[in-house]
Every structure is written in structure tokens, then in C-alpha cells.
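# What the coordinates show
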Amino acid sequence: MKIYFIVNPTSGQGKAYRTIERKLEDVPFEYEIYQTEGPLDATRFVKEKCEEYKDEILRFIACGGDGTLNEVVNGAYGYENAEISCFPCGSGNDYVKYYGADNFTDAKSLVTAPAYPVDLIRVGDTYSINVVNFGFDTCVLKTMLKVKRMKIIGGKNAYNTGVVTAVLTAIKNKAELYADGELLNKGGKFLLCTVANGSHIGGKFCCAPKSKNNDGFMDVCAFKPLSRFKLVNLIDAYEKGEHLDDPRFKLIVKYRRCKKLEVIAPEGFSISVDGELREINKFTCEIVPAAIKFAAPGYKPEVYGEDEE
């Protein structure tokens, strides 16, 4: 097996490469460390290696955040000889929270752990391993990217700036959401929507506490528009992943497990795919069962039947 640690040099406040080097000092395996040179470079690198070594098992370990993992996923998808894992050193590290994230910083375990098939979500010509989301929290992300290099409102304050902006401008969003043909939001209004294969977004929000990443279904959760006061009062429960069982959310949340979500939105609509911003207004999210092999140290997945709802 050939092993590649793919490092986003901007992750971990620019310390990702040195961190990985230290972690690999006692690893008794041959490996290669590759530093990405810009957006989508990880995807290119992974595809090239998969084509070059078609008869060998290749394990690609994404060293960065969810964006780096997403690029590795999109490079490895479609190649039977490719396996992936993740050394989390980004800002959110949301996907590994599905597994508890405890063992993902042990480099030896990332190399030796067995790889199991997991699902992906297809959005147009790209794939998500964690969550596709849009509405309120995408406004937060869009604002953060816009102000992150500004003084006072940017830097460590960028997230708070994003939340304030979303509270002021993104309480009522427009789009029609069809889960396996069922309209989830009569009138076409919503606060936010998550389409989950993993469980977390935004670094701390457990958006899909019941999600299983190998059951052949997506977990879709759509919130009706809320008053700003009610949103503030419910945000803590949403962060903890209590919104599917808390009676206060009964008339607010539409939750479905489905195989396809169709979205029809106005021009200029933005979505987040594993934390990466895209502008698209008509699209379909579709589950791709057992699409890629993922190595999670210390984890043995449950097995789900095709007919399980």
C-alpha cells in the first residue's frame, strides 16, 4: 500500500506541515508528504496518483480541514484502489466529529486502520462527504469569507460578524425543497437547511445527530423561518443536536431521510459543500451509497439494509 499525507500548508495557522512531520517521526512505514499549492490541487494530485498506480492500494490522508478532505474525496472518488482518511488540523474539522475525532491525530493509526465504505452526496459534478447546507449558516460563511482579512470585524471576530449579518439579513430565505418528491416548505420560505451524511457543521453544531454515513440515505433537516428572539433562544439546543427530540422544535423542523433532494431557488443563491462556498440556484443532492472507502481508527461501522427507513 502506498501512503500519502496531503497537507494544506495554510491549515493549523500555517503549522500543519511541521505538525505532521513531528507526528510521523516514529511511523515505521514508507510514505510521502505532499503540500498543496492552491485550491483543487489536492484533487489533481490524488487523481494523478490513482491513474499512475492503478494496480496498487493507495491511502490518501487529508491533513487540513473539511475543505482539504473534500478535495481528496473528489480526487479519489471512482477509483477502487483508493482509500482515504483525515488528520484534522483545520478550523472546523466537522466530518471526524461523526466518529468522536479522538484517534485521528495518531498517524500510525491512520495508516493501519481498516477502511470501510461510506456514502457520499453528489451535488452536480462534485461530491460531499459531510454536509451540504444553505440558508442562514451559508450567509454566515459568505460573510466570514468577505471580512476575514478586515480589521476589527475580521480575523477572530469574523464568525461573530457573520452571525450578526445573518440575523439581520437571512432569517427568511427563498427556495423550494423537495425530499424524494415531497415539498418540505410550503410557500418556499425557510431559515436553514442541512443535507447530511456526517453529523456536524460550523465547528460545533450537531446538525444531524441521527445521521449514519453508510446507510444509503441523506438526513435532511429544514427549519421554518423564526423570529430573531426565538432563534437566539433555540440556538443552544441546536448546537447540542437536541432539535430532533426537543418539543419546542416540533412545528419548526421538517426532518426526512431520503435519497434525493431537489432545490429550486432564485438567482444568486449560495450553498456550502463541506464548508466550501458555491453559487447555484437549481440543483439536486443525491446519495451515492458505499461510494468511497474511509479509514477511521478504532471504529467498526454498523451494517444497514437497503430497505431500512
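Computed from a prediction, not measured in an experiment: that's the story for all the values here.

Moving on, we come to the sheet that holds strand β16 (residues 270-273). Here we have 6 strands laid out as an open sheet, ordered β14-β13-β12-β7-β16-β17, and antiparallel in their pairing. The open sheet terminates on both sides in strands that have one partner only, identified here as β14 (253-258) and β17 (276-279). The average undirected angle you get between the axes of adjacent strands in this sheet is 20°. By the bridge criterion, 5 bridges tie strand β7 (residues 131-135) to strand β12 (residues 192-196) in an arrangement that is antiparallel. Across the sheet, Asn133 pairs through a bridge with Thr194, a residue of β12.

On to the packing of helix α3 (residues 41-52) against helix α4 (residues 66-76), then. For the pair α3 and α4, the least separation of the axes is 7 Å and the interaxial angle reads 35°. Taken as a pair, α3 and α4 cross one another with a handedness that is right-handed. Along the contact surface, α3 presents Asp41, Ala42, Thr43, Val46 and Lys47, while α4 presents Glu71, Val72, Asn74, Gly75 and Ala76. Here the residues of the contact of α3 with α4 sort into 4 nonpolar, 3 polar and 3 charged.

Let us look at the packing of helix α6 (residues 136-147) against helix α7 (residues 158-169). The contact between α6 and α7 brings their axes to 8 Å, and the two run at 130°. Our classification of the angle between α6 and α7 gives oblique. Handedness of the crossing formed by α6 with α7: right-handed. For the pair formed by α6 and α7, the contact residues are Phe136, Cys139, Val140, Thr143, Met144 and Val147 on the first element and Ala158, Tyr159, Thr161, Gly162, Val163, Thr165, Ala166, Val167 and Thr169 on the second. Its residues placed into classes, the contact of α6 with α7 shows 10 nonpolar, 5 polar and no charged.

The next subject is helix α8 (residues 228-239). The end-to-end C-alpha distance of α8 is 16 Å, a good match for the 16 Å that 12 residues give at a rise of 1.5 Å each. All buried positions along α8 are accounted for by Leu231, Leu234, Ala237 and Tyr238. Relative to the axis of α8, the buried residues are bounded by an arc of 120° and lie together on one face. Projecting away from the buried face of α8 at angles above 90 degrees are the exposed residues Phe229 and Val232. Packed against the buried residues of α8 are α6, α7, β12 and β13 (218-223).

Applying the stated criterion across every chain yields a total of 13 salt bridges. A salt bridge links Lys49 to Glu52, with the shortest nitrogen-to-oxygen separation between them at 3.7 Å. Linking Lys49 with Glu52, this pair stays in helix α3, spanning 3 residues, or about one helical turn. Since its relative accessible area comes to 15%, Lys49 is described here as buried. Taking the shortest distance from any N to any O, the salt bridge between Glu302 and Lys212 comes out at 3.8 Å. In this pair, Glu302 is assigned in the segment after β18 (282-295) and Lys212 in the loop between β12 and β13, connecting sequence segments 90 residues apart.

With that out of the way, let us pick up the nonpolar core. Judged by nonpolar contacts, the single largest core of 45 residues is most densely connected at Ile6, Phe60, Leu69, Ile84, Ile129 and Phe294. Not counting the four nearest positions on each side in its chain, Ile6 is found in contact with Tyr34, Thr36, Ala42, Phe45, Val46, Phe60, Ile61, Ala62, Cys63, Thr68 and Val72. Of all hydrophobic cores here, the second largest spans 25 residues; its members include Leu177, Ala179, Phe190 and Leu261.

The next point concerns a positive patch on the surface. Among the surface-exposed residues, Lys15, Arg18, Arg22 and Lys23 lie close enough to one another that they form a single positively charged patch. Looking at the secondary structure, you find Lys23 in helix α2 (residues 16-23).

On the surface, a nonpolar cluster with roughly 310 Å² of combined accessible area is contributed by Met150, Ile152 and Ile153. Positionally, Met150 belongs in the loop between α6 and α7.

Attention shifts here to the environment of Gly65. Assignment of secondary structure puts Gly65 in the loop between β3 (58-64) and α4. C-alpha of Gly65 to C-alpha of Ala175: the two residues are 110 residues apart in sequence and 29 Å apart in space. Here Gly65 is in contact with Ser11, Gly90 and Asn93, once residues within four sequence places are set aside.

Definitions and cut-offs
- Chains are numbered independently. Their residues run from 1 in the order of the written sequence.
- Only residues with pLDDT of at least 70 are given local features in this predicted model, and only at 80 or more are side-chain atom pairs given and counted; all residues enter the totals for whole chains, interfaces and linings.
- No hydrogens and no water enter the side-chain calculation; it runs on all heavy atoms of the structure.
- Two strands pair under a simple rule: DSSP has to find at least two bridges between them.
- Secondary structure counts use DSSP, requiring at least four H or I residues in a row for a helix and at least two E residues in a row for a strand, with both numbered from the N terminus.
- Lines fitted to the C-alpha atoms define the axes, with helices restricted to the stretch that makes contact. Angles between their N-to-C directions range from 0 to 180 degrees.
- Take the far helix as the reference: if the near one is turned anticlockwise from it by less than a right angle, the crossing is left-handed, and if turned clockwise, right-handed.
- The contact definition used throughout considers only heavy atoms, calling two residues in contact when any of these lie within 4.5 Å.
- We call Asp, Glu, Lys and Arg charged. Ala, Val, Leu, Ile, Met, Phe, Trp, Tyr, Cys and Pro are nonpolar, and the rest, Gly among them, are polar.
- Here is the rule for angles: anything less than 35 degrees is roughly parallel, anything more than 145 is roughly antiparallel, 65 through 115 is roughly perpendicular, and the remaining ranges are oblique.
- Given the number of residues in a helix, its expected span is that number minus one, multiplied by 1.5 Å.
- A 1.4 Å probe rolled over the protein chains alone gives each residue an accessible area, and that area as a share of the maximum for its type sets the label: buried under 20%, exposed over 50%, partly exposed in between.
- The arc in question is traced by the directions running from the helix axis to the C-beta atoms.
- Counted as salt bridges are all cases of a side-chain nitrogen of Lys or Arg within 4 Å of a carboxyl oxygen of Asp or Glu.
- Nonpolar cores are built from buried Ala, Val, Leu, Ile, Met, Phe, Trp, Tyr and Cys residues. Side-chain atoms within 4.5 Å join them into one set.
- Patches were defined on residues exceeding 30% relative accessible area and lacking a salt bridge, with like-charge contacts within 9 Å and nonpolar side-chain contacts (Val, Leu, Ile, Met, Phe, Trp, Tyr) within 5 Å.
- Note on areas: these come from Shrake-Rupley sampling with a 1.4 Å probe, and a residue is covered only by the protein chains present in the view.
- Two residue types count as positive, namely Lys and Arg, and two as negative, namely Asp and Glu; His and chain ends fall outside the count.
- Working definition for charges: the position is that of NZ of Lys, CZ of Arg, CG of Asp or CD of Glu.

From the geometry alone we can't say anything about function, so treat these as descriptive.
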